[in-house]
Amino acid sequence: MLTNNKMDGESMTQDLEYNLDDRKATILKSIISNYLETGEPVGSRTISKMTDLNLSSATIRNEMSDLEDMGYLVQPHTSAGRIPTDRGYRFYVDTVMSEKQETEEAQSALLERVDKLESLLIQVAKVLAYNTQYATMVTSPKLANKQVKFIQLSQVDDEELVAVIVVGENVAKNQLIHVSRSLSNEEVLKFNLLLNTFLQGISVDEINLELMQTMKKQAGEYADILESIFEGIIDAVHQAEEMKIYTSGASNILKYQELGDMSKATALLETFEDKTGLNELADEALKLGGSEQSDEDDSHKIQIYIGDESPVQNMKDCSIITSTYQLPEGAKGTIGIIGPKRMDYKKVVSTLKHLTDELDTIFRKSEDEKG
């Protein structure tokens, strides 16, 4: 639970020298973890069930007494369990952040990777349109796993935080969050602990009002700030779920006489403009093999829709060839080429296969460099 207690520079420096053995460290982390979840003082019997130390309650009580003497725990009243002091929180934060250091470093790399991926997909759409002289679409990868993996808050200024949220297969989103009052570094760290304790590992679909109320209760007088942070995180998670569509070469369609009729051309261009139908096409392509013309032996699932086979009403006079690409983490996206029914099928299929193979190589190389 968040507290009002502040730590000055001298005490913080002193707290960096913990000198705890493994047993005390494990017990202390278990106490704080349980307290973050329940908000209730933690007793020795609870800890004996949480850890795999195989210690008796009496031994754990002795260790808890030592931790209290060392300033990591406090007993609110006689016969009650213990709760962490700021020194205890500092130990927990530093330990958790140390254990998470590689993860945090990965978050920065992930954000950079997201920007690079978007630029790459935009370029793919342009190159395909130029090389084929048809219209093209490329979608961002779609989440297969909606679990919250990690959340990291950092302070931008007195009124803004930035949250990095990693969802599913290492899909990172960042979100600026406005807060009603300035927070200390200690308070931001405690928010990080609270958010990861409750949200880490759960599905986006499981984040509901009941969970929010439980977290607000833990936050105490900081409940209003938690609500702002929570709303920002939910917005970012929903953005991560959304599929972006990048298009190019829509005007190429006008070059073909059979598609040059004013009404047909207008309908096609509107489809590329609002992208609603393209979402349907991408979802259909991601079903992998939904069309009878699907090449089942191809790992990227080349699919060919001719005329009325198209899942997009305004493209019934066209042929569409789609393929899927996959990131190393499992998220999948769609690449599509739209043209007249007399399109050069052999060339387009060959181009798509070559392109998806190249993307695989790029993604694997990026993953190897990251590792």
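Definitions and cut-offs
Residues numbered from 1 in each chain as written. Predicted model: local features only at pLDDT ≥ 70, side-chain atom pairs only at ≥ 80, totals over all residues. Heavy atoms only, no water. Helix = DSSP H or I, 4+ residues; strand = E, 2+ residues; numbered from the N terminus. Expected span 1.5 Å × (residues − 1). Buried < 20%, exposed > 50% of the residue type's maximum accessible area, 1.4 Å probe, protein only. Arc of directions from axis to C-beta. Pairing = 2+ DSSP bridges. Axes fitted to C-alpha atoms, helices over the stretch in contact; angles between N-to-C directions. Phe/Tyr/Trp six-rings, centres within 6.5 Å; stacked < 30°, edge-to-face > 60°. Lys NZ or Arg CZ within 6 Å of the ring centre and 35° of its normal. Salt bridge = Lys/Arg side-chain N within 4 Å of Asp/Glu carboxyl O. Polar contact = N/O pair within 3.5 Å; in protein donor to acceptor, adjacent residues only side chain to side chain.

A. The arrangement of helix α4 (residues 57–69) in detail. The terminal C-alpha atoms of α4, which comprises 13 residues, lie 18 Å apart, in line with the 18 Å expected from a rise of 1.5 Å per residue. Those residues of α4 lying buried are Ile60, Glu63, Met64 and Leu67. Seen end-on, α4 carries its buried residues on one side only, within an arc spanning 100 degrees. Exposed positions of α4 whose direction lies more than 90 degrees from the buried face are Asn62 and Asp69. Phi turns positive, to about 90 degrees, at Gly71, one or two residues after α4.

B. Looking closely at the sheet that holds strand β10 (residues 332–340). One open sheet holds the five strands; their spatial order is β7-β3-β10-β9-β8, and the pairing between them is antiparallel. The open sheet has two edge strands with one neighbour each: β7 (245–248) and β8 (303–306). Neighbouring strand axes in the sheet, compared pairwise and without regard to direction, differ in orientation by 15 degrees on average. Taken together, the four bridges between strand β3 (residues 135–139) and β7 define a ladder with antiparallel strand orientation.

C. Structural view of the packing of aromatic side chains. Within the structure shown, the criterion is met by three aromatic pairs. An angle of 75 degrees between the planes, with centres 6.1 Å apart, marks the rings of Tyr72 and Phe91 as edge-to-face. Of this pair, Tyr72 sits in the loop between α4 and β1 (73–74) while Phe91 is found in helix α5 (residues 86–99), placing the two residues 19 residues apart along the sequence. Residue Tyr72 shares its accessibility class with Phe91, and that shared class is buried. Ring geometry for Tyr134 and Tyr256: centres 5.7 Å apart, planes at 35 degrees, overall tilted. Of this pair, Tyr134 sits in the loop between α6 (101–132) and β3 while Tyr256 sits in the loop between β7 and α10 (262–274), and the two are 122 residues apart along the sequence. Stacked on the ring of Tyr222, the Lys or Arg Arg181 has its end atom at 5.2 Å from the ring centre.

D. How the structure looks around the pattern of salt bridges. This model, assessed by the stated rule, comprises eleven salt bridges. A salt bridge links Lys24 to Asp21; the shortest N-O distance between them is 3.9 Å. If you follow the salt bridges from partner to partner, you end up with Asp21, Arg23, Lys24, Glu63 and Asp66 in one network.

E. Geometry of helix α8 (residues 209–219). Turning to α8, its buried residues number three or more, namely Leu211, Met212, Met215, Lys216, Gln218 and Ala219. For α8, the arc enclosing every buried residue in end-on projection is 155 degrees, short of the 170-degree limit, so these residues lie on one face. Turned more than 90 degrees off the buried face of α8, the exposed positions are Leu209, Glu210 and Lys217. Two or three places before Glu210, at the opening of α8, Asn208 has a side-chain oxygen 3.3 Å from that residue's backbone nitrogen. Once α8 ends, the next one or two residues include Gly220, with phi positive near 60 degrees.

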